[in-house]
Amino acid sequence: MTGIPNSPSISGVLLVELYVIIIWHVVQKSDICSLARSSSMFQLIAEPFIYHSLSINPLITFLKAAKSTLLRPHRHRLVHGLNLNELHSVRSTYFKRSSLMQLMARLLTVGSRLEALYISTFDYSSWIIRNCNHQHLTTVSIWIPDSQYDPKDNHIYQTIYNYTKRHPNIKRLTILSVAELPPICWNPSDYLPNLDTFNYSGPTPSELLKGRHLTRIWLNLRPKNGEVEIEPTMSYISNMGSTLLFLDLSESMIRAITWPSQAIRGFVRNLPLLRYLGLPRKFANSYSEDDLVDILQECPSTLSIFRMKHDGFPPPLPTLKLFAARETLKWIINTSTLYYENGFFGAFGRENPSIRLSDKSELRRTLLKLGVGVEPW
């Protein structure tokens, strides 16, 4: 981690590296702050951990950290991540939103080492990134809430396009929106040529997928004019067989396919390197458990992790036949209630180490443990 002092030891007790390892295992940032206040030497070691990633939630902590960062120029280069996703929850009665925006704009301006930016409510905060340049930026996540979208105004997407186009090193992009991507030139030949991971929720991402060779894709297609447009999105994904390792599809996409079982079986045949597949478990008039068994058996031998998602309650309980379809698979089964833990999933999961029960709050940790990598949520 950059910013850590190079002195070989502190007071002749331990090497700096050993203190770094110790602090690395401290979970609570408040404990690291307490350590930093204990001496100037520990402050030098702890500061890169304290200021590495700043999140707007909780707001009080963020305000203190942001102001402290701005006061000391040497801390500017310590900030590698800014998470402003909870901006919509900040009450104007608590802290003037205009003042908060000014503070965030200053942080973005001085954050020369910024690598990851997560931002929401883009309609009134887009101006803070309009003139920013972060040469080390590799991860961008932008959420546009439904309530904030104006279909007659495309300036939000134009700002997104202009900002991201200035940062060709971006590898991971998330766009969560109710609106269709406007007719902007998203040509992969000159727009984000290094894009590797794409997480999208909206009517259609086809322009951003055309001609790409991505390794990870999360898709949650929303209806456009009452219908989900599945093509040409699926066609573009099918052409990523030489690179695609990770694919997670939403229920709305599967519902839009006329014969989902046959379509998915043919689809996965074109993805010989696929390691992770996320699909809805089952829903009315779509496909049966036998269909899902056929899909899994059709998947390439490289597939090692399958995520089974449940959108209803109670969920349809699988049989042992489904788990036996691919005995080498590791399973991630979404859980959100005690029903899962006390029912079939809980009992079977306790007996089978390949079954991982995971709600959304634990999904990130579960994926990391299984070696999938960091997911975008």
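Note that the structure is predicted; figures quoted are calculated from it, not measured. (Residues numbered from 1 in each chain as written. Predicted model: local features only at pLDDT ≥ 70, side-chain atom pairs only at ≥ 80, totals over all residues. Heavy atoms only, no water.)

**Description of the confidence of the model for the protein**
Averaged over all residues, the pLDDT of the protein is 76; the fraction at 70 or higher stands at 68%. Ranking the elements of the protein by mean pLDDT puts helix 14 (residues 338-342) last with 45 and strand 10 (residues 246-249) first with 89. Low pLDDT, under 50, characterises residues 7-11; the predicted model gives this stretch 12 contacts beyond four residues in sequence or across chains. pLDDT under 50 marks residues 337-342. Its contacts with residues more than four places away, or in other chains, come to 15 contacts. (pLDDT = per-residue confidence, 0-100. Helix = DSSP H or I, 4+ residues; strand = E, 2+ residues; numbered from the N terminus. Contact = heavy atoms within 4.5 Å.)

**A word on the pairing of strand 10**
Burial along strand 10 is two-sided: the face carrying F246 and D248 and the face carrying L247 and L249 are both buried. Strand direction decides the pairing type here: strand 9 (residues 216-221) and strand 10, joined by four bridges, are parallel. From the neighbouring strand, W218 faces strand 10, where its bridge partner is D248. For strand 10 and strand 11 (residues 276-280), the ladder comprises three bridges, and the chain directions are parallel. By the bridge assignment for strand 11, F246 is matched with Y276. (Buried < 20%, exposed > 50% of the residue type's maximum accessible area, 1.4 Å probe, protein only. Pairing = 2+ DSSP bridges.)

**Regarding the packing of helix 1 (residues 16-24) against helix 3 (residues 40-51)**
It is at 10 Å that the axes of helix 1 and helix 3 come closest, and there the two elements cross at 45°. Between helix 1 and helix 3, the crossing angle belongs to the class labelled oblique. By crossing handedness, the relation of helix 1 to helix 3 is classed as right-handed. Here helix 1 contributes V16, Y19, V20, I23 and W24 to the contact with helix 3, which in turn contributes F42, I45, A46 and F49. (Axes fitted to C-alpha atoms, helices over the stretch in contact; angles between N-to-C directions. Parallel < 35°, antiparallel > 145°, perpendicular 65-115°, else oblique. Left-handed = near helix turned anticlockwise from the far one by under 90°.)

**Concerning the side chain of S238**
Looking at where S238 falls in the secondary structure, it is placed in helix 9 (residues 233-238). Classification of S238 by relative accessible area gives buried; the value is 18%. Filtering out sequence-adjacent residues up to four positions away, S238 remains in contact with F267, N270 and L271.

**Some thoughts on the packing of aromatic side chains**
Enumeration over the complete set of coordinates arrives at four aromatic pairs. Geometrically, the ring pair formed by F198 and Y200 is stacked, given 5.8 Å between the ring centres and 25° between the ring planes. Taken together, a centroid distance of 3.8 Å and an interplanar angle of 5° make the contact between F246 and Y276 stacked. Residue F246 is located in strand 10, and its partner Y276 is located in strand 11; the two are separated by 30 residues in the primary sequence. Given a relative accessible area of 3%, F246 falls into the buried group. (Phe/Tyr/Trp six-rings, centres within 6.5 Å; stacked < 30°, edge-to-face > 60°.)

**Re the nonpolar core**
Of all hydrophobic cores here, the largest spans 92 residues; its most connected members are F62 and L247. Core analysis: the next-biggest nonpolar cluster, separate from the first, contains five residues, W218, F246, Y276 and I332 among them. (Core = buried A, V, L, I, M, F, W, Y, C linked by side-chain atoms within 4.5 Å.)

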